Amino acid sequence: MENVVLVTGGAGFIGSALVRLLRRVEPLGVVNLDKLTYAGHRANIDALAGDSGHVFVHGDIGDLELVRRLFQEHRPRAVMHLAAETHVDRSILGARPFLETNVLGTHALLAAAREYHADCGPDRDRFRFLLVSTDEVYGSLGPSDPAFTETTPYDPRSPYAASKAAADHLTAAWFHTYGLPVLITNCSNNYGPRQYPEKLIPLMILLAMEGLPLPVYGDGLNVRDWLYVDDHARALRLVLDKGRPGQTYNIGGAAEIANIDLIRTLCRRLDDLMPESPHRPHERLIRFVPDRPGHDRRYAMNFKKVKSELGWEPRESFVSGLFQTIDWYLEHPEWIQAVAGPEFRQWLKRQYGTAA
Ligand code: NAD
Ligand code: TYD
């Protein structure tokens, strides 16, 4: 077994932050398997061009023969599985790609990992299969409910959450049935540089910069618990190295905020950073629009387990992380141009009727 990790979805938002961390701190070799869907971009891994410890493979996790070959060629000591269809709104419009990638794709990876693990001889105890999942599998909290713990019953509400819950259950089944040493992490909403602009924070930044309406679903009082992407990547490395097989670890940002408060903070920051903008005050662009069907009211993560067992807690405060994120988007127009092309404009039109 080599000191190599097979990362899936490493050209996406969280995956690319993870791959950069894996190559930077106590470096591990990385084989990065990514299909480059609309959400995956080579621009996210530009910094790794010329790094011989990072091998990019353009392919689908559901391609069993390809995945088998990667296990045999690279003999990884772990899989860190992030590849997924990830956007709730898209899952509401059509669930099939979510089932194909999140459920069947995860199944293909588990099947190939199981064969490989069985063939690893004395090294097999070192092998790990880490699945990156979401707090959305736990359902929706009321305003004064305690935060989700690792024993909160699953109650997925959106097609996205249901597909991730299925992947979690399959992964846990591979531990109990076949003895595959799996780890599952469930995290809250991530934010930071290089997030595809269909998700709330980058969407609001890009729309506000262009003076386009900022669509707030429902009453804007839905609450999310925001986790800075580099804090998340650090947690994943720690769980990989020190987590106990068969266990789930919740990872949260300790940063609950209502959407409307977040968007107002973001608008005021843009006012300060763009004194010449004709769109100031950016709050003027806010529009309350019909609610998302089945919109979960509140998510919040209790991450005491990962804190007490592994010593992890978030380092970034929400306002400072948000400001860094806004700065990053303003400073990287070339990334926006590479990533937010015609496909993104079509999405805006379809979802919001925004002609842009
Ligand atoms: P993302 O949409 O930015 O990236 C997903 C990546 O997976 C893309 O690079 C895409 O090309 C790749 N991919 C999709 N289908 C594939 C397939 N069939 N084969 C190979 N590659 C494929 O997503 P993200 O925000 O980086 O999320 C990564 C993981 O973290 C996902 O599993 C997601 O469910 C989970 N997660 C994300 C958040 C969040 O707030 N972003 C929160 C909780 C959990
Ligand atoms: P999103 O980034 O899609 O993440 P998730 O649905 O996985 O939590 O949305 C974050 C929150 O922002 C969620 O409560 C829905 C809300 N939202 C809007 O109000 N308007 C939008 O245009 C989007 C994309 C999200």
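Residues numbered from 1 in each chain as written. Chains lettered and ligands numbered in written order. Predicted model: local features only at pLDDT ≥ 70, side-chain atom pairs only at ≥ 80, totals over all residues. Heavy atoms only, no water.

> Talk me through the pairing of strand β6 (residues 182–187); I want residue IDs and the actual numbers.
Working note: regular strand, side chains alternate between the two faces of the sheet. For β6, the tally of buried residues reaches 6 of 6 residues, placing the bulk of the element in the interior. Burial along β6 is two-sided: the face carrying V182, I184 and N186 and the face carrying L183, T185 and C187 are both buried. Direction of pairing for strand β5 (residues 128–134) relative to β6: parallel, over a ladder of 6 bridges. Its bridge partner lying in β6, F129 is registered against V182. Each parallel crossover has a hand, and for β5 linked through helix α5 (residues 159–178) to β6 it is right-handed. When β6 meets strand β11 (residues 248–251), the two strands line up parallel, connected through 4 bridges. Within the sheet, the bridge partner assigned to T185 lies in β11 and is Y249. (Buried < 20%, exposed > 50% of the residue type's maximum accessible area, 1.4 Å probe, protein only. Helix = DSSP H or I, 4+ residues; strand = E, 2+ residues; numbered from the N terminus. Pairing = 2+ DSSP bridges. Right-handed = clockwise from strand over helix to strand, strands pointing away.)

> An account of helix α4 (residues 96–118) is requested, with residue identities and associated values reported.
Between the first and last C-alpha of α4 there are 32 Å, a value that for 23 residues agrees with the 33 Å anticipated at 1.5 Å per step. The largest bend in α4 is about 30°, located at G105. (Expected span 1.5 Å × (residues − 1). Bend = angle between axes of the 7 residues up to and from the residue.)

> Summarise the site of ligand 2; cite the residues concerned and give the values.
Taken together, 19 residues lie around ligand 2, and E136, R224, R292, H295 and Y352 are the ones closest in. Within the side chain of N259, a nitrogen or oxygen atom sits 2.9 Å from an oxygen atom of ligand 2. One of the side-chain N or O atoms of Y352 is found 2.7 Å from an oxygen atom in ligand 2. Summarising the interface, the protein chains cover 97% of the accessible area of ligand 2, which totals 510 Å² for the free molecule. Those elements that provide at least two residues to the shell around ligand 2 are α3 (88–93), α6 (200–210) and β8 (214–217). At 3 residues, β8 tops the list of elements feeding residues into the shell around ligand 2. Among the residues making up the shell around ligand 2, the classes are represented as 8 nonpolar, 5 polar and 6 charged. (Near = heavy atom within 4 Å. Polar contact = N/O pair within 3.5 Å; in protein donor to acceptor, adjacent residues only side chain to side chain. Areas by Shrake-Rupley, 256 points an atom, 1.4 Å probe, with all protein chains shown as cover. Nonpolar A, V, L, I, M, F, W, Y, C, P; charged D, E, K, R; others polar.)

> Please provide a residue-by-residue account of the sheet that holds β11, values included.
The strand order across the open sheet formed by 7 strands is β3-β2-β1-β4-β5-β6-β11, and the pairing between neighbours is parallel. Each edge of the open sheet is held by one strand with a lone partner, namely β3 (54–58) and β11. Direction aside, neighbouring strands of the sheet carry axes that sit 20° apart on average. Of the strands in this sheet, β1 (4–8), β2 (29–34), β3 and β4 (78–81) touch helix α2 (residues 64–74), which is tilted by about 170° from β2. Sheet contacts for α4: β1, β4 and β5; angle to β5, the most-contacted strand, approximately 165°. (Axes fitted to C-alpha atoms, helices over the stretch in contact; angles between N-to-C directions. Contact = heavy atoms within 4.5 Å.)

> Which residues make up the environment of W174, and what are the values?
Its place among the elements puts W174 in helix α5. Other than its neighbours up to four places away in sequence, W174 contacts H107, L110, A111, R114, G179 and L180. Side-chain polar atoms of W174 contact the backbone oxygen of L110, separated by 3.4 Å.

> Can you explain the packing of α6 against helix α8 (residues 259–273)? Please cite residues and give values.
Between α6 and α8, the least distance of the axes is 11 Å, while the angle of their chain directions is 40°. Here α6 lies oblique to α8, going by the angle between them. Crossing hand, α6 versus α8: right-handed. Contacts from L200, I201, M204, I205 and A208 in α6 reach N259, L262, I263, L266 and L270 in α8. Looking at the contact of α6 with α8 residue by residue, the classes come out as 9 nonpolar, 1 polar and no charged. (Parallel < 35°, antiparallel > 145°, perpendicular 65-115°, else oblique. Left-handed = near helix turned anticlockwise from the far one by under 90°.)

> Break down the site of ligand 1 for me, citing the residues and quoting the values.
Close contacts around ligand 1 come from 30 residues, with I14, D34, Y160, K164 and N190 the closest. Within the backbone of L82, a nitrogen or oxygen atom sits 2.9 Å from an oxygen atom of ligand 1. At 2.7 Å from an oxygen atom of ligand 1 is found a side-chain nitrogen or oxygen belonging to Y160. Burial of ligand 1 by the protein amounts to 97% of the accessible area it has alone, namely 840 Å². When contributions to the shell around ligand 1 are tallied by element, the ones reaching two or more residues are α1 (13–24), β5 and α5. Counted by class, the shell around ligand 1 contains 12 nonpolar, 14 polar and 4 charged residues.

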